[in-house]
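Summary of structural features
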Amino acid sequence: MKFKYETTKAFLAAVQAGEFTGQVIVDNDCVDAYQGDEKVCNFGDDVPENVLISMLEALGVEAERP
């Protein structure tokens, strides 16, 4: 399934541009972004810890799991 934002960088760019105004749902095993009722990003079906690291890295912050 294709989503509007296929990568973390694309999602963050949309947030910074004010294009994304929906919500991000963080569950114990996945992270999804919704614009209204439409799922627009599933962050690769990755676990929340990896999504956080990916977002930090996309923002230029060095991050790793100990």
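Parameters at a glance
Residues numbered from 1 in each chain as written. Predicted model: local features only at pLDDT ≥ 70, side-chain atom pairs only at ≥ 80, totals over all residues. Heavy atoms only, no water. Pairing = 2+ DSSP bridges. Helix = DSSP H or I, 4+ residues; strand = E, 2+ residues; numbered from the N terminus. Axes fitted to C-alpha atoms, helices over the stretch in contact; angles between N-to-C directions. Salt bridge = Lys/Arg side-chain N within 4 Å of Asp/Glu carboxyl O. Buried < 20%, exposed > 50% of the residue type's maximum accessible area, 1.4 Å probe, protein only.

**A short note on the sheet that holds strand 3 (residues 38–41)**
- On the basis of which strands lie adjacent, the open sheet formed by 3 strands has the order 1-2-3 and antiparallel pairing. The two strands at the open ends of the sheet, each matched to only one other strand, are strand 1 (23–26) and strand 3. If you compare each strand with its neighbour and ignore which way they point, the axes differ by 40 degrees on average.
- With 4 bridges connecting them, strand 1 and strand 2 (residues 31–35) associate as antiparallel partners. Residue pairing in the sheet places Val 24 in a bridge with Ala 33 of strand 2.

**A short note on the pattern of salt bridges**
- Here the structure, examined in full by the defined rule, presents 3 salt bridges.
- Ionic pairing is found between Lys 4 and Glu 19, a salt bridge with its closest N-O pair at 3.7 Å. Placement of the pair is Lys 4 in the segment before helix 1 (8–16) and Glu 19 in the loop between helix 1 and strand 1, with a sequence separation of 15 residues.
- Relative accessible area serves as the criterion here: at 53%, Lys 4 is assigned to the exposed category.
- The salt bridge involving Asp 32 is made with Lys 39; its shortest N-O contact spans 3.7 Å.
- For Lys 39, a relative accessible area of 30% puts it in the partly exposed group.

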